[in-house]
Amino acid sequence: AVQELVDNLLHACHMISLATFLPWLELAIGVGSSFEGWSPGGEDTVYRVLVRLKPPPGHAFRLQPGTDRELPARHGRVRVKLQCMCKREQLLGDVLCFRHHSYEQLRRHQRPELLQILCTDSYLDVEKTAHWLQFFVRNAWDVIAAQQNCQLAVLPSSRSCQLQLTYDSGRTVHVEMVLGVQQDKLGVFVGSQEAETDLSSTTWLESCALHELLFFRCVARQAPQGSCHLICLQLLTYLLGDSVLSPAHLKTVTMHLLTLLPPSEWCPQRLLERLRDVLHHLRRCLEERQLHHFLVGNERVPRELSLPAAFQAASPLNLFQHLAREPRARALRELTQLQHR
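Definitions and limits used
- Residues numbered from 1 in each chain as written.
- Predicted model: local features only at pLDDT ≥ 70, side-chain atom pairs only at ≥ 80, totals over all residues.
- Heavy atoms only, no water.
- Helix = DSSP H or I, 4+ residues; strand = E, 2+ residues; numbered from the N terminus.
- Buried < 20%, exposed > 50% of the residue type's maximum accessible area, 1.4 Å probe, protein only.
- Polar contact = N/O pair within 3.5 Å; in protein donor to acceptor, adjacent residues only side chain to side chain.
- Contact = heavy atoms within 4.5 Å.
- Pairing = 2+ DSSP bridges.
- UniProt positions renumbered as here; feature names shortened; annotations may be inferred.
- Axes fitted to C-alpha atoms, helices over the stretch in contact; angles between N-to-C directions.
- Parallel < 35°, antiparallel > 145°, perpendicular 65-115°, else oblique.
- Left-handed = near helix turned anticlockwise from the far one by under 90°.
- Nonpolar A, V, L, I, M, F, W, Y, C, P; charged D, E, K, R; others polar.

Turning our attention to the side chain of Ser 243. Of note, Ser 243 is situated in the loop between helix 8 (229–240) and helix 9 (247–260). Overall, Ser 243 belongs to the buried group, its relative accessible area being 16%. At a separation of 3.0 Å, a polar atom in the side chain of Ser 243 contacts the main-chain amide nitrogen of Leu 245. Here Glu 334 takes part through its side chain, which lies 2.5 Å from a polar atom of the side chain of Ser 243. With residues near it in sequence (within four places) discarded, Ser 243 still touches Arg 330 and Glu 334.

Pairing analysis gives 2 bridges linking strand 5 (residues 75–82) to strand 12 (residues 204–207), with the strands arranged antiparallel. Within the sheet, the bridge partner assigned to His 75 lies in strand 12 and is Leu 205. In this structure, strand 11 (residues 189–191) lies alongside strand 12, joined through 3 bridges in antiparallel fashion. Across the sheet, the residue bridging to Phe 189 is Ser 207, located in strand 12.

Glancing now at the UniProt feature "domain: Mab-21-like HhH/H2TH-like" (unreviewed entry) in the chain. The sites that UniProt annotates as "domain: Mab-21-like HhH/H2TH-like" (unreviewed entry) are residues 232–296. Note that residues 232–296 is 63% helix and 0% strand, and that its end C-alpha atoms are spaced 24 Å apart.

All right, on to the packing of helix 8 against helix 10 (residues 271–288) then. Helix 10 packs onto helix 8 with a crossing angle of 60° between their chain directions and a minimal axis gap of 10 Å. With respect to each other, helix 8 and helix 10 are oriented oblique. At the point where helix 8 passes helix 10, the crossing takes the right-handed sense. Every residue of helix 10 that contacts helix 8 at Ile 231, Cys 232, Leu 235 and Leu 236 is listed here: Leu 271, Arg 274, Leu 275, Val 278 and Leu 279. Each residue belonging to the contact of helix 8 with helix 10 can be placed in one class, and the counts come to 8 nonpolar, no polar and 1 charged.

Here it is, written out as structure tokens:
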């Protein structure tokens, strides 16, 4: 239902923006725990969808990878380059070439384009783009609201579009629309998701959310009936509560164990053993301050995921590299409490 509503919103956004030279919004892809099958559920559930941006005619996106190793994730900037549209201008006459006309000519005869509205120094600005999407969603809702059985509110957010849906039954559902620019044909994106550290408004974080979704689908095809891997994640995430550790840490450890243990070891009867394995592995990672990203530099990633060669050849990315002593000590205490629970 969330996926259908978001697609209806995006279709209305597309129709509203047809006459503009702003990014095109492709249909959303559901990612994260809710779509991977291990969300604990309840009022706190956030349905996260990836909304892919395509450059409009006369524009191209060029990814420039980041070099700042202090960030706990791979990142980059999206440079917007103008392309020659003289041939279209001559044949159809419906547009002036952005590259070969002055700013004054374009301003008089054409609507503002991408560089003027959503960029900072020729780089696609995450915050400007997120606010632009929020504005479009509000307008799109006016178009489709009569056909829906809920009320929509756009919540404040600097890097994404967060929606609150209140249904006639009284139930409230939260949706986060994360913007993404595709890096390659294999489904790796740079996205507008929130980060643990402050980022500049032109910094986009690398997102492997689509490949993580495909990994869980791959596991589901090979797992025995009633496999307990999703229940492990649901239960541990529910018990985790407010902690230095995050569901992403539990998920990373579980993904590693899913490639280390054969599918038969995840049968329902082994649930308690697998819970212990996840917590034991996470404790060892904390003690050694070393938890590797599942998809970067990991030889055990299933071939069906078709990762880019650069991912396979890269050095492992340590998610605990910058974990300070005090948070690590607190995380170990919280992990002990979680084991007791």
